[in-house]
Amino acid sequence: MTAQQTPLGTPFTASSTAADILSGLDLTGREVVVTGGHGRLGREVTRTLSDAGARVTVAARDPERAAAALDGIKDVQVERLDLTDPGSVDSFARRWLASGRPLHTLVNNAAVLFSPEIVRDARGHELQFSTSHLGHFQLTRALLPALRAADGARVVTVTSGAARFGEIRWNDLDFTSGYDPATAYGQSKRANVLFTVELDRRYADQGIRAFAAHPGVIIGPGPFTPEQAESYRAQGLIDDTGSTVIDPEGGKKTIEQGAATLVFGAASPLLDGHGGVYLKDSDIAVLDDEQRPLTADSIPSDANSAMLDPDDARRLWEVSEQLLTHA
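These figures come from a predicted structure and were not determined experimentally.

*Asks:* So, the layout of surface pockets: which residues are in play, and what are the values?
*Replies:* By volume, the second largest pocket amounts to about 260 Å³. Of all the secondary-structure elements, those providing two or more residues to the lining of the second largest pocket are strand S5 (153-158), strand S6 (208-214) and helix H9 (255-267). Taken together, the residues of the lining of the second largest pocket break down into nine nonpolar, seven polar and five charged.

*Asks:* Explain the sheet that holds strand S8 (residues 283-284) to me, and be specific about the residues and the numbers.
*Replies:* Two pairing modes exist for strands in a sheet, parallel and antiparallel, and in both the strands are linked by backbone hydrogen bonds. In space, the eight strands of this open sheet follow the order S3-S2-S1-S4-S5-S6-S7-S8, with mixed pairing throughout. Of all strands in the sheet, those with a lone pairing partner are strand S3 (76-80) and S8, marking the two edges. In this sheet, strand S7 (residues 277-280) lies alongside S6 in parallel orientation, the contact comprising four bridges. Its bridge partner lying in S7, Ala213 is registered against Leu279. Against the sheet, helix H5 (residues 127-142) makes contact with strand S1 (31-35), strand S4 (105-108) and S5, and its axis sits at roughly 170 degrees relative to S4, the strand it touches most.

*Asks:* Describe the pattern of salt bridges, and please don't skip the residues or the numbers.
*Replies:* Per the stated rule, a full pass over the model turns up 16 salt bridges. Ionic pairing is found between Arg101 and Glu31, a salt bridge with its closest N-O pair at 3.6 Å. In this pair, Arg101 is assigned in the loop between helix H4 (86-99) and S4 and Glu31 in strand S1, connecting sequence segments 70 residues apart. Judged by relative accessible area, Arg101 falls into the buried class, the value being 17%. Of the charged contacts in the structure, one is a salt bridge between Arg292 and Asp288, with a shortest N-O distance of 2.5 Å. Classification of Asp288 by relative accessible area gives buried; the value is 11%. Salt bridges sharing partners connect three or more residues here, namely Glu31, Arg55 and Arg101.

*Asks:* Which residues make up the side chain of His133, and what are the values?
*Replies:* Here His133 lies in helix H5. A polar contact is formed between the side chain of His133 and the side chain of Ser320, at a distance of 2.7 Å. His133 has contacts with Gln128, Ala191, Asn192, Phe195, Leu316 and Ser320, leaving out every residue within four places of it along the chain.

*Asks:* So, the pairing of strand S2 (residues 55-60): which residues are in play, and what are the values?
*Replies:* Across the six residues of S2, five count as buried, placing the element largely inside the fold. Taking the sense of rotation as the criterion, the β-α-β connection linking S1, helix H2 (residues 41-51) and S2 turns out right-handed. As for the winding sense of the linkage, the β-α-β connection from S2 through helix H3 (residues 63-69) to S3 is right-handed.

*Asks:* Go over the environment of Ser91, please, and point to the residues and values.
*Replies:* Looking at where Ser91 falls in the secondary structure, it is placed in helix H4. Given the relative accessible area of 24%, Ser91 is considered partly exposed. As a C-alpha pair, Ser91 and Leu139 span 48 residues in sequence and 10.0 Å in three-dimensional space.

*Asks:* Talk me through the packing of aromatic side chains; I want residue IDs and the actual numbers.
*Replies:* Per the counting criterion, the structure on display carries seven aromatic pairs. Taking 6.2 Å as the distance between ring centres and 75 degrees as the angle between the ring planes, the aromatic pair formed by Phe12 and Phe264 counts as edge-to-face. Taken together, the positions of Phe12 in the segment before helix H1 (18-22) and Phe264 in helix H9 put the pair 252 residues apart, joining distant regions of the chain. Members of the aromatic cluster, connected to one another through ring pairs, are Phe137, Phe195, Tyr203 and Trp317. Positioned above the aromatic ring of Trp96 is the side chain of Arg101, whose terminal nitrogen or guanidinium carbon lies 3.9 Å from the ring centre. Above the ring of Trp170, the side-chain terminus of Arg315 is found at 4.2 Å from the ring centroid.

*Asks:* Report on H2, specifying residues and quantitative values.
*Replies:* Within H2, eight of the 11 residues are buried, leaving the element largely enclosed by the surrounding structure. Within H2 the residues assigned to the buried category are Leu41, Gly42, Glu44, Val45, Thr46, Thr48, Leu49 and Ser50. Residues of H2 that are buried sit in contact with H1, S1, S2, S3 and H9. Immediately downstream of H2, the backbone of Gly53 shows phi near 110 degrees, a positive value.

*Asks:* So, the packing of H5 against helix H7 (residues 181-203): which residues are in play, and what are the values?
*Replies:* Two elements in contact, H5 and H7, have axes whose closest approach is 8 Å; the angle formed by their N-to-C orientations is 15 degrees. The orientation of H5 relative to H7 falls into the category roughly parallel. Relative to H7, the crossing made by H5 is left-handed. In this structure, H5 uses Gln128, Phe129, Ser132, His133, His136, Phe137 and Thr140 to contact H7, whose residues at the interface are Pro181, Ala184, Tyr185, Gln187, Ser188, Lys189, Ala191, Asn192, Phe195 and Leu199.

What counts, and where the lines are drawn
- Residues numbered from 1 in each chain as written.
- Predicted model: local features only at pLDDT ≥ 70, side-chain atom pairs only at ≥ 80, totals over all residues.
- Heavy atoms only, no water.
- 1 Å grid on protein atoms, 1.4 Å probe; cavity = no way out; pocket = protein on both sides within 12 Å on 5 of 7 lines; lining within 4 Å.
- Points joined across faces, edges and corners; volume = space filled by probe spheres on them.
- Helix = DSSP H or I, 4+ residues; strand = E, 2+ residues; numbered from the N terminus.
- Nonpolar A, V, L, I, M, F, W, Y, C, P; charged D, E, K, R; others polar.
- Pairing = 2+ DSSP bridges.
- Contact = heavy atoms within 4.5 Å.
- Axes fitted to C-alpha atoms, helices over the stretch in contact; angles between N-to-C directions.
- Salt bridge = Lys/Arg side-chain N within 4 Å of Asp/Glu carboxyl O.
- Buried < 20%, exposed > 50% of the residue type's maximum accessible area, 1.4 Å probe, protein only.
- Polar contact = N/O pair within 3.5 Å; in protein donor to acceptor, adjacent residues only side chain to side chain.
- Right-handed = clockwise from strand over helix to strand, strands pointing away.
- Phe/Tyr/Trp six-rings, centres within 6.5 Å; stacked < 30°, edge-to-face > 60°.
- Lys NZ or Arg CZ within 6 Å of the ring centre and 35° of its normal.
- Parallel < 35°, antiparallel > 145°, perpendicular 65-115°, else oblique.
- Left-handed = near helix turned anticlockwise from the far one by under 90°.

Just distances and angles here, no functional claims.
Following this line, the structure appears as structure tokens:
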């Protein structure tokens, strides 16, 4: 599996924007679903795909709020979807399948900000794992008929360089003890990559290819609370004046730059024939198994073998199926 994790040598760079990736591409006739496609990265993905001709459906917990945020973007519709509610996921999928539309691209983008205190969904699952992984796992499987009908579909799941450090807590996925927000975040992001690996293995021969995409670190222009500012300054994400540090080569990006790798996975023909890989800077990421510390000046975010492990990927798929069965 790791043999596929080899950069293509695309013409894009860490500074490329989503608009750069889609320049000259005509996506007319493409049906796209973007979860959480109304805020920050998701909105830029929605906007640029729509500008390129795709018909985008934004799936959001609060459709009215999402519609307001998307005002002015053409060819976009909004549907209700709560990824932490299995009934809501099934309802969204049933509506889509009943419409008879193929689904050319599913962008699993929605996530929640981690909380210093543990938050659980109605089933008792830790919220980051529930939203980022389990809900998207259920949604993707429910939409498989529409993805097959596209005769060449892609599933892009937004992950993070934190997948390098994240581990799956096989015996305590929901943190019944030892909760730590960064550890929970790392687990959810590792799960995103492992899901991608197994999804591609299972369905590539049916025309469905899967990609995990790391957008970079995007905190936006602020304003920030004093607590946020202190943390971001320590991480090298804002300077002494409180201004956001933009250093694409160092992984610190604008929203437009961060969205680039997502739309690269969603639509670039350069990825035709590829799948089951982790994307960074609008290319397949380098495989780097060196132990590299996270510092204010260095944010390791290349792929490593652990996040692509096929045995872990298969195990997570089976565990996720069991969790849904017992929901």
